[in-house]
Amino acid sequence: MLRVDLHTHSSVSDGTDTPTQLVHKAQASGLDVIGLTDHDTFDGIDEATEAGKRIGLTVVPGVEISCERNGASVHLLGFWCDRWHRGLGDELRKSRAGRTGRIEAMAERLTELGMPLTSDDIRRAAKASPSVGRPHVADAMVAKGYVANRNEAFDLWLADDKPGYVHRYAIPLELAIDLVHAAHGVAVLAHPWGRGRAHVLPADYIGDLVTDHGLDGIEVDHEDHDDDTRELLFRLGARLGLVRTGSSDYHGLGKEGHELGCNLTRASAFRELQRVARGRGARV
Ligand code: AMP
Ligand code: ZN
Ligand code: FE
Ligand code: FE
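Residues numbered from 1 in each chain as written. Chains lettered and ligands numbered in written order. Predicted model: local features only at pLDDT ≥ 70, side-chain atom pairs only at ≥ 80, totals over all residues. Heavy atoms only, no water.

This paragraph deals with the domain arrangement of the protein chain. The domain boundaries assigned to the protein chain delineate domain 1 (4-95 + 171-279) and domain 2 (103-158). On the side of domain 2, seven residues touch domain 1, which itself brings ten residues to the contact. Between domain 1 and domain 2 the total buried area reaches about 640 Å² when both faces are included, carbon and sulfur atoms providing 40% of it. Our count for the domain 1 to domain 2 interface comes out at zero salt bridges. The interface formed by domain 1 and domain 2 holds four residue pairs in polar contact (both at pLDDT 80 or more) in total. (Domains from an automatic or database assignment. Contact = heavy atoms within 4.5 Å. Buried area = accessible area lost by both parts, 1.4 Å probe. Salt bridge = Lys/Arg side-chain N within 4 Å of Asp/Glu carboxyl O. Polar contact = N/O pair within 3.5 Å; in protein donor to acceptor, adjacent residues only side chain to side chain.)

Moving on: the coordination of the zinc ion (ligand 2). Donor atoms from the polypeptide that bind the zinc ion (ligand 2) are Asp 14 (OD), Asp 14 (OD), His 39 (NE2) and His 251 (NE2), placed at 2.0 to 2.6 Å. Around the zinc ion (ligand 2) sit four donor atoms; with metal-centred angles ranging over 51 to 133 degrees, the donor geometry is irregular. Spacing between the donor residues of the zinc ion (ligand 2) along their common chain follows D-x24-H-x211-H. (Donors = N, O, S within 2.8 Å, 3.2 Å for Na, K, Ca; no water. Tetrahedral: all angles 85-135°; square planar, octahedral: opposite > 155°, others 65-115°.)

This part is about the coordination of the iron ion (ligand 3). On the protein side, the iron ion (ligand 3) has Glu 64 (OE), His 75 (ND1) and His 191 (NE2) as donor atoms, found 2.0 to 2.2 Å from it. The sequence pattern describing where the donors of the iron ion (ligand 3) fall on their chain is E-x10-H-x115-H. Taken as a pair, the iron ion (ligand 3) and the zinc ion (ligand 2) lie 5.9 Å from each other. Here Glu 64 is found in strand 3 (residues 58-69), whereas its partner His 75 is found in strand 4 (residues 72-79), with eleven residues between them in sequence. By relative accessible area, Glu 64 is classed as buried at 1%. Using a relative accessible area of 16% as the deciding quantity, one classes His 75 as buried. (Helix = DSSP H or I, 4+ residues; strand = E, 2+ residues; numbered from the N terminus. Buried < 20%, exposed > 50% of the residue type's maximum accessible area, 1.4 Å probe, protein only.)

Unlike most non-glycine residues, Trp 80 shows phi in positive territory, near 60 degrees. Mapped onto the elements of the fold, Trp 80 is located in the loop between strand 4 and helix 3 (86-101). Here Asp 249, not a glycine, exhibits a phi torsion of approximately 55 degrees, which is positive. If you trace the backbone, Asp 249 turns up in the loop between strand 8 (243-246) and helix 11 (267-279).

Along the chain, Asn 263 falls in the loop between strand 8 and helix 11. Residue Asn 263 is classed as buried on the basis of its relative accessible area of 6%. For Asn 263, the side chain forms a polar contact with the side chain of Arg 230, separated by 3.0 Å. Looking at Asn 263, its side chain comes within polar contact range of the main-chain oxygen of Ser 247, at 3.1 Å. Beyond its immediate stretch of four places on either side in the chain, Asn 263 contacts Val 4, Asp 5, Asp 221, His 222, Glu 223, Arg 230, Gly 246, Ser 247 and Ser 248.

Moving on to the environment of Ala 198. One can find Ala 198 in the loop between strand 6 (186-189) and helix 9 (203-213). With a relative accessible area of 36%, Ala 198 lands in the partly exposed category. Taking C-alpha positions, Ala 198 is 26 Å from Gly 252, a pair spaced 54 residues apart along the chain.

Below, the structure written as structure tokens:
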């Protein structure tokens, strides 16, 4: 049976394994296919694809796009997109700039809150990542000894409703779906009902995304979804004709309890996604 984990991160965004390490660990975990879905960037795709070819592991080129709806942040996965599509590239660049552009403000905010931090501390924590975000702020806080780990940093200070949060530009969700399609890719809503997002993305709105924007799939099996949520999303997806995926959302040491392969995409769902992508003109 094909073992497919469609949503993983490398050190090119906020994971801790390089794309090559990630691919090797995926194979050691018994996976046959991974999607590399770094936040707002395709920079790791070539390295991961090459590493995969050398050892016989398939890398699906992907991206996890930072989006917003009604001011709340939501994530969209794009697979097999044309990486050189101008419109998509421009929006991703704007989103990365928004993500990184607020780092200075977050350093100031945390300093005011009694945790002195400079934007250099945060950039150092981000190493070479072209997409510096809150997880790196969390890493810098851990390095300073303000919190024990990333989770604590988010729970106390960095989550959307906590005092260390600073707003950023993210792509309107409907535009992001349209851009993924313009780039011949397939669009899958990431962890739609995880971490209190259920009220941001209610079932009837997801239905609208299907009818008005041709949304292709939803992530069902994800660590942020409990069993009941998975059941509800599975049925919703079936009713709306969406491809239902599963993934680890692996970040290496950057996210506990998200081990490679802890959730999988069924082989039949993966084949269906490939079929839809070919229909959109993607090179699969
Ligand atoms: P940013 O794009 O800089 O706003 O950061 C968003 C990233 O932070 C997402 O990719 C999540 O993986 C991570 N994140 C968001 N909320 C939490 C949370 N409550 N706990 C841990 N990580 C989180
Ligand atoms: Zn992440
Ligand atoms: Fe996400
Ligand atoms: Fe993710």
